[in-house]
Amino acid sequence: MPRLRLIWGVSLLLAACGAPKEPPSWRLFPLQRYVPHDGVAVVSQPDGYGIHIYLETDTSFAGVCRPRWLPDPARLFNGNGSTPFSSGLATRQEFFDAVSRRDVRALLEKELEALCEARAPDERWQWTEPPLSEEQVLPVQLPSLEEEDLLTNPVEELKRFRQLLKDQQDGE
């Protein structure tokens with residue numbers, strides 16, 4: 001009998017220590033990065049942690065403004081508090097998990113449409129779905145650098161400068 005009471009007591013103690021984890025709040029709100037509508041906060045973990053999704057527009061097609069998806073979100077801190085902020089990098093999987101939710105996509109669409117309206121008011125808004133897996137991520141194509149875009153070698157520039165000074169002194 002005492003042994004049964006001991007086992008029962010230890011079981012109760014262990015059950016009390018193993019209280020269930022607090023679920024994430026899935027609180028969603030616009031979180032400005034530089035200008036209004038250029039970021040969305042998703043509280044996807046307990047204690048106010050989550051991701052800060054940076055929003056960008058793509059106007060590479062004539063007359064159309066659509067989302068440019070950046071699947072590398074920042075880490076969100078204090079998302080349930082009064083002053084949320086982001087720092088560092090969160091995982092792409094967290095991005096994919098967040099954008100797979102209908103409520104997150106609805107807020108993203110609303111904010112991106114407002115961002116397109118502010119950046120390209122004459123362009124037609126076109127929604128494109130965010131990538132939901134690594135295979136769907138399209139790398140951003142940037143124009144290639146041309147010779148005139150490259151910086152000169154500082155050592156060569158210093159030699160040219162010294163030669164100009166020497167030529168100027170010799171000419172006087």
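Refer to the structure printed above.
This section reports on the structure supplied with the text. No experiment lies behind these values; they were computed from the predicted model shown. (Residues numbered from 1 in each chain as written. Predicted model: local features only at pLDDT ≥ 70, side-chain atom pairs only at ≥ 80, totals over all residues. Heavy atoms only, no water.)

## Examining the pairing of strand 6 (residues 74–77)
In summary, the side chains of a regular strand alternate between the two faces of the sheet.
Item 1. Bridging between strand 3 (residues 50–54) and strand 6 involves three bridges; their strand directions are antiparallel. Across the sheet, residue Gly 50 finds its bridge partner in strand 6, namely Leu 76.
Item 2. Pairing of strand 6 with strand 7 (residues 85–87) involves three bridges; the strand directions are antiparallel. Residue pairing for strand 7: Phe 77 is matched across the bridge by Phe 85. (Pairing = 2+ DSSP bridges. Helix = DSSP H or I, 4+ residues; strand = E, 2+ residues; numbered from the N terminus.)

## Focus on the sheet that holds strand 8 (residues 124–125)
Item 1. Taken in spatial order, the three strands line up as 4-5-8 in an open sheet, and their pairing is mixed. A single partner strand is all that each edge strand has here, and the edge strands are strand 4 (56–58) and strand 8.
Item 2. In the sheet, strand 4 pairs with strand 5 (residues 64–68) via three bridges, with the strands oriented antiparallel. Across the sheet, the residue bridging to Glu 56 is Arg 68, located in strand 5.
Item 3. On top of the sheet, helix 3 (residues 102–119) reaches strand 4, strand 5 and strand 8; it is set at about 65° to strand 4, its chief contact. (Contact = heavy atoms within 4.5 Å. Axes fitted to C-alpha atoms, helices over the stretch in contact; angles between N-to-C directions.)

## Details of the state of the cysteines
What is meant by a disulfide is a covalent connection between two cysteines, made through their sulfur atoms.
Item 1. This model, assessed by the stated rule, comprises one disulfide.
Item 2. Cys 65 shares a disulfide with Cys 116; S-S distance 1.8 Å. Because the sign of the S-S torsion sets the handedness, a value of about -80° for the bond joining Cys 65 and Cys 116 places this disulfide among the left-handed ones. Note that Cys 65 is positioned in strand 5 and Cys 116 in helix 3, a separation of 51 residues in sequence. (Disulfide = S-S within 2.5 Å.)

## What about the packing of aromatic side chains?
Item 1. Inspection of every chain in the model, using the stated rule, returns five aromatic pairs.
Item 2. Between Trp 69 and Trp 127, the aromatic rings sit 5.6 Å apart at their centres with planes inclined by 90°, giving edge-to-face as the arrangement. Taken as a pair, Trp 69 in the loop between strand 5 and strand 6 and Trp 127 in the loop between strand 8 and helix 4 (154–171) lie far apart in primary sequence, 58 residues in all. In this structure, Trp 69 and Trp 127 share a single accessibility class: buried.
Item 3. Seen in terms of ring centroids, Trp 125 and Trp 127 are 6.4 Å apart; in terms of plane orientation they differ by 45°. Their pairing is tilted.
Item 4. One aromatic cluster is present, formed by Tyr 49, Phe 77 and Phe 85 through successive ring pairs.
Item 5. For the cation-ring pair, Arg 33 lies above Tyr 54, with the distance from its terminal atom to the ring centre recorded as 4.2 Å.
Item 6. Here the guanidinium or amino end of Arg 101 rests over the ring plane of Trp 26, the centre of that ring lying 4.0 Å away. (Phe/Tyr/Trp six-rings, centres within 6.5 Å; stacked < 30°, edge-to-face > 60°. Buried < 20%, exposed > 50% of the residue type's maximum accessible area, 1.4 Å probe, protein only. Lys NZ or Arg CZ within 6 Å of the ring centre and 35° of its normal.)

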